[in-house]
Amino acid sequence: MWWSRLLAAIAVAALLAGCGFRPLYGTAGENRQVAAQLAQIRIQTIPDRTGQKLRNFLLDRLNPNGQPAQPLYYLQVTINVSRTDLGIERDETATRALLMMTANYQLIDRARKVVLVEGSTQSTNSFNIVASDFATLSAETDATERATREVSDDIKTRLALYFTR
C-alpha cells in the first residue's frame, strides 16, 4: 500500500509542475524580482499605537534590510479598529469581545504620483472579558497584535501578487 501513496504523490507533483504552478516566495529568478520590488516601498507613518505596530510589521515583511533612500513606491495605510462585546450575561456584563481591524492601503508610484494598487483587508479576533481588568487588557492587546500581524501579512501577499503580474 505504501507504493500507492508514492504513486499518488508523484502524480500530484507532475500535475503541479505541468499546470504552471510557481511559488510566490523563494529565492529563484522571478521571486528575487518580487522581493526587490517590495524592498523599494517606503511605508508612510500610520497614526496611533496600533498604526505603529502595523507599520513595524510591514517594515519587517517588506523592508527587512531597511527602508530605501530613494524609494520607487509609497505605501499609505489607514486602519480602523472596532470592538463589539458578545456573550452578554443576565446582569448585562459581557464575557467575550470581538475585535475587528480593517486596513485600507494604497501603493503609489513615486515618480508618476499614480495609485497602482489599492485595497482593503480585514482581520477579526476575539478575546475573553474576565473580572481582572489587567487580564482583560492583556487579552485585548494580544488580540490587537494578532489582528495587526494578519493584516500586515495580507497586505504583503497582495503587493507581492501585484508585482508578479
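Figured I'd write up the structure that's included with this text. Computed from a predicted structure; not experimentally measured. (Residues numbered from 1 in each chain as written. Predicted model: local features only at pLDDT ≥ 70, side-chain atom pairs only at ≥ 80, totals over all residues. Heavy atoms only, no water.)

1. Description of the packing of helix α3 (residues 48–62) against helix α4 (residues 133–164)
The condition is simple: Axes here mean lines fitted to C-alpha atoms, for a helix over just the part in contact, with angles spanning 0 to 180 degrees between N-to-C directions. Runs of E in the DSSP output that reach at least two residues are strands. Runs of H or I that reach at least four are helices, and both are numbered from the N terminus. Each angle gets one of four labels, with under 35 degrees taken as roughly parallel, over 145 as roughly antiparallel, 65 to 115 as roughly perpendicular, and the rest as oblique. Should the near helix be turned anticlockwise from the far one by less than a right angle, the crossing is termed left-handed; should it be turned clockwise, right-handed. In this analysis, two residues are considered to be in contact whenever any of their non-hydrogen atoms come within 4.5 Å of each other.
Their axes nearest at 9 Å, the elements α3 and α4 cross at an angle of 40°. Here α4 runs oblique to α3, going by the angle between their axes. Taken as a pair, α3 and α4 cross one another with a handedness that is right-handed. Across the interface between the two elements, Thr-50, Lys-53, Leu-54, Phe-57, Leu-58, Arg-61 and Leu-62 from α3 touch Thr-141, Thr-144, Glu-145, Thr-148, Arg-149, Val-151, Ser-152, Asp-153, Ile-155, Lys-156 and Leu-159 from α4.

2. Remarks on α3
The cut-off we apply is this: In this analysis, the expected span of each helix is defined as 1.5 Å times one less than the number of residues it contains. Remark: exposure states derive from per-residue accessible area (1.4 Å probe, protein chains only) relative to the maximum for the residue type, with buried under 20%, exposed over 50%, and partly exposed in between.
Helix length check: α3, at 15 residues, gives a terminal C-alpha distance of 21 Å against a target of 21 Å (1.5 Å per residue), a fit within 8%. All of the buried residues in α3 are Thr-50, Gly-51, Lys-53, Leu-54, Arg-55, Phe-57, Leu-58, Leu-59 and Leu-62.

3. Things to note about the pairing of strand β2 (residues 73–88)
Condition: Here, a strand pair is defined by DSSP locating no fewer than two bridges between the strands.
Taken together, the 3 bridges between strand β1 (residues 41–43) and β2 define a ladder with parallel strand orientation. Looking at β2, one finds that Arg-42 is bridged to Tyr-74. With 15 bridges joining them, β2 and strand β3 (residues 94–109) adopt antiparallel strand pairing. In the sheet register, Asp-85 faces β3, and the bridge partner there is Ala-97.

4. Regarding the side chain of Ser-152
Tracing the chain through its elements places Ser-152 in helix α4. Accessibility expressed as a relative area gives 0% for Ser-152, which makes it buried. In this structure, Ser-152 is in contact with Leu-54, Phe-57, Leu-58 and Arg-61, ignoring residues within four places of it in sequence.

5. Thoughts on the sheet that holds β1
In spatial order, the strands read β1-β2-β3-β4; together these 4 strands make up an open sheet with mixed pairing. Looking at the sheet topology across the chains shown, the edges are occupied by β1 and β4 (114–128). Within the sheet, the average angular offset between the axes of one strand and its neighbour, ignoring direction, is 25°. Here β3 runs beside β4; their pairing, made up of 14 bridges, is antiparallel. Counted as the bridge partner of Leu-98 is Ser-126 from β4. Packed on one face of the sheet, α3 meets β1, β2 and β3 and runs near 125° to β2. Here α4 sits on the sheet and contacts β1, β2, β3 and β4; the angle it forms with β4, its principal contact strand, is near 150°.

6. Let's talk about the nonpolar core
Applied cut-off: Each nonpolar core is a collection of buried residues, namely Ala, Val, Leu, Ile, Met, Phe, Trp, Tyr and Cys, held together in the definition by side-chain atoms within 4.5 Å.
Among the nonpolar cores identified, the biggest contains 29 residues, and Ile-41, Leu-75, Val-77 and Ile-155 are the most heavily contacted of them. Elements with a contribution of two residues or more to this core: α2 (29–38), β1, α3, β2, β3, β4 and α4. Aside from chain neighbours lying at most four places away, what touches Leu-75 is Ile-41, Arg-42, Ile-43, Gln-44, Leu-58, Leu-62, Tyr-105, Gln-106, Leu-107, Ile-155 and Leu-159.

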